[in-house]
Amino acid sequence: TPDIYYIILDSYAREDVLAQLYGLDNSGFLASLQARGFYIAAESHSNYFHTPSSLASSLNMDYLYVENSERASFGALGDLVRGNRVRAALDEQGYSFVTVESGFAVSRFSNADVYLTAVPNPFLNQFEGLLLISSALVIPVDKGWMTVPVVGRGANFVQVRYALEQLAEVPAIPGPKFVFFHIISPHPPFLVDRYGNYVEPYSPYAGDLDGDVLQIPQEVYIDGYNEKLIYTNRMLLAAVDAILENSTTPPVIILQADHGPGLLWSRSSLEATCVWERAAILNAYYLPEDGASQLYPGITPVNSFRVIFDTYFGTDLGFLEDRVYYSTWNRPYQFIDVTERTSHPCGVP
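Residues numbered from 1 in each chain as written. Predicted model: local features only at pLDDT ≥ 70, side-chain atom pairs only at ≥ 80, totals over all residues. Heavy atoms only, no water.

Visitor: Help me understand the packing of helix H2 (residues 27–35) against helix H8 (residues 218–246) in this model?
Guide: The axes of two packed helices give the description: the angle between them and the distance between them. Relative to each other, H2 and H8 sit at 10 degrees, their axes nearing to 11 Å. Accordingly, the angle class assigned to the pair H2 and H8 is roughly parallel. Contacts between H2 and H8 involve Phe29, Ser32 and Leu33 from the first element and Asn233, Leu236 and Leu237 from the second. Within the contact of H2 with H8, the residues separate by chemical class into 4 nonpolar, 2 polar and no charged. (Axes fitted to C-alpha atoms, helices over the stretch in contact; angles between N-to-C directions. Helix = DSSP H or I, 4+ residues; strand = E, 2+ residues; numbered from the N terminus. Parallel < 35°, antiparallel > 145°, perpendicular 65-115°, else oblique. Contact = heavy atoms within 4.5 Å. Nonpolar A, V, L, I, M, F, W, Y, C, P; charged D, E, K, R; others polar.)

Visitor: How should the confidence of the model for the chain be read in this particular structure?
Guide: When pLDDT drops low, the exact placement of atoms in the prediction is not to be read closely. Scored by pLDDT, the chain comes out at a mean of 88, with 86% of its residues at no less than 70. Below a pLDDT of 50 lies the segment residues 122–151, which in the model reaches 43 contacts outside its immediate sequence neighbourhood of four places, other chains included. (pLDDT = per-residue confidence, 0-100.)

Visitor: Please clarify how the sheet that holds strand E7 (residues 283–286) should be interpreted in this entry.
Guide: Strand pairing in a sheet takes place through backbone hydrogen bonds and is either antiparallel or parallel in direction. As summarised here, the arrangement of the 7 strands in space is E2-E7-E6-E1-E5-E3-E4, forming an open sheet in which the pairing is mixed. Unpaired on one side and paired on the other, strand E2 (39–40) and strand E4 (114–116) mark the two borders of the sheet. As judged from the 4 bridges shared by strand E3 (residues 96–100) and strand E5 (residues 177–183), these two strands associate in the parallel manner. Paired with Ser96 across the two strands is Lys177, which belongs to E5. (Pairing = 2+ DSSP bridges.)

Visitor: What am I meant to see in unusual backbone geometry here?
Guide: The bulk of non-glycine residues show a negative phi, and the bulk of peptide bonds are trans. The linkage connecting Ser185 with the following residue, Pro186, adopts the cis geometry, with an omega of 10 degrees. Looking at the secondary structure, you find Pro186 in the loop between E5 and H8. That bond from Pro188 to Pro189 is cis: its omega, 15 degrees, falls within 30 degrees of zero. Within the fold, Pro189 resides in the loop between E5 and H8. Backbone geometry at Ser11 places phi at a positive 70 degrees, although glycine is not the residue there. Its location among the elements puts Ser11 in the loop between strand E1 (4–9) and helix H1 (15–21).

Visitor: Would you mind going over the pattern of salt bridges with me for this structure?
Guide: One side chain can pair with another of opposite charge once the charged atoms of both are near each other. Under the defined criterion, the tally for this structure stands at 12 salt bridges. Note that Arg194 is salt-bridged to Glu227, the shortest N-O span being 2.6 Å. Placement of Arg194 in the loop between E5 and H8 and of Glu227 in helix H8 is noted, with a sequence separation of 33 residues between them. The class for Arg194 is partly exposed, based on a relative accessible area of 32%. Residue Glu271 is joined to Arg341 by a salt bridge in which the shortest nitrogen-to-oxygen separation is 3.4 Å. Here Arg341 lies in the segment after strand E9 (336–337) and Glu271 lies in the loop between strand E6 (252–256) and helix H9 (275–279), a separation of 70 residues in the sequence. By relative accessible area, Glu271 is classed as exposed at 64%. Each of Glu321, Arg323, Asp337 and Glu340 takes part in a single network of salt bridges with overlapping partners. (Salt bridge = Lys/Arg side-chain N within 4 Å of Asp/Glu carboxyl O. Buried < 20%, exposed > 50% of the residue type's maximum accessible area, 1.4 Å probe, protein only.)

Visitor: Teacher, can you tell me more about the pairing of E5 here?
Guide: Working note: regular strand, side chains alternate between the two faces of the sheet. Of all the 7 residues making up E5, 7 are buried; the element is thus mostly covered by neighbouring parts of the structure. A two-sided burial pattern is seen for E5, the buried positions comprising Lys177, Val179, Phe181 and Ile183 on one face and Phe178, Phe180 and His182 on the other. The sheet contact formed by E1 and E5 spans 6 bridges and is parallel. Looking at the pairing, Ile7 lines up with Phe181 of E5.

Visitor: Please clarify how the nonpolar core should be interpreted in this entry.
Guide: Grouped together as the largest cluster of nonpolar side chains are 57 residues, with contacts concentrated most on Tyr22, Leu33, Phe38, Leu167, Phe181, Ile183 and Leu255. The dominant element in this core, judged by the number of residues it contributes, is H8, at 11 residues. Contacts of Phe38, omitting those with residues within four sequence positions, involve Leu33, Val240, Ile253, Leu255, Ala284, Tyr285 and Tyr286. Of all hydrophobic cores here, the second largest spans 37 residues; its members include Val86, Phe97, Val252 and Tyr285. (Core = buried A, V, L, I, M, F, W, Y, C linked by side-chain atoms within 4.5 Å.)

What follows is the structure in structure tokens.
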């Protein structure tokens with residue numbers, strides 16, 4: 001029975017978007033994954049444009065339906081995420097559920113069998129107080145050699161590093177495990193450079209947002225995004241190596257974005273959105289034995305666990321058609337099929 005790692009890298013773009021829109025060559029990282037046995041779905045898209053919708057769909061292996069789309073809210077999607085079908089099925093198979101604090105309420109599973117957090121209280125005031133990162137940093141903080149980011153935006157710097165470091169330790173947890181890590185990277189805020197150093201935000205209260213509520217210049221967004229992505233790549237490869245080396249049974253690993261970046265995304269207007277950028281995602285699979293034989297370049301997250309359950313647990317779920325849906329922030333259930341628009345590249349205005 002393989003351990004199953006579902007690692008969501010928030011807003012991680014596909015290779016062509018990174019090259020054409022962000023000026024970043026990510027081929028070296030992808031080649032490193034392939035050298036380790038990963039299959040890269042080079043034409044993959046997200047099924048939805050918001051994190052709650054995306055996770056609710058992928059973790060329940062289905063598209064989202066609702067009778068009254070006018071009144072439905074993100075709260076209902078959060079219930080679908082936390083009560084998801086994948087976790088329930090694996091629980092019946094004797095799996096423990098291991099997760100990490102993401103900083104986002106929609107992916108906070110405080111009832112997990114193993115709940116890892118670098119933030120003692122994720123509900124602390126957003127802009128006040130110091131965060132005790134770890135016992136190892138108490139001495140340098142006390143001596144004044146370094147400062148600790150404030151809770152809130154600064155917590156993202158801590159949470160991302162902590163999550164990427166903890167991945168390497170998870171194989172030591174006994175028994176079969178379903179490991180779900182939602183890591184808010186390379187999604188803003190951009191508080192880290194490619195070497196892992198803390199970077200002061202562009203302004204004290206700007207930088208958490210993207211899309212048509214972007215509060216920083218576009219060139220600052222691109223630079224910060226690229227630096228955070230390069231840092232994430234390096235940490236992620238180290239974590240993957242540790243997982244592969246220390247797993248007694250070859251594990252299943254999915255590295256997947258919930259959606260693409262938000263430089264040219266509008267929360268309220270499809271016509272103002274670059275569908276190509278927002279939908280094109282990193283989607284990489286490590287499936288031992290013959291699991292990768294069912295994969296294909298355009299596979300989307302709604303089919304990820306369908307492949308896993310059919311391959312390793314003898315189910316017959318099959319595939320759903322790979323579709324992409326846009327919805328506004330205020331009407332998250334009023335879906336518009338934009339699948340045919342995903343192949344139209346956009347440029348920075």
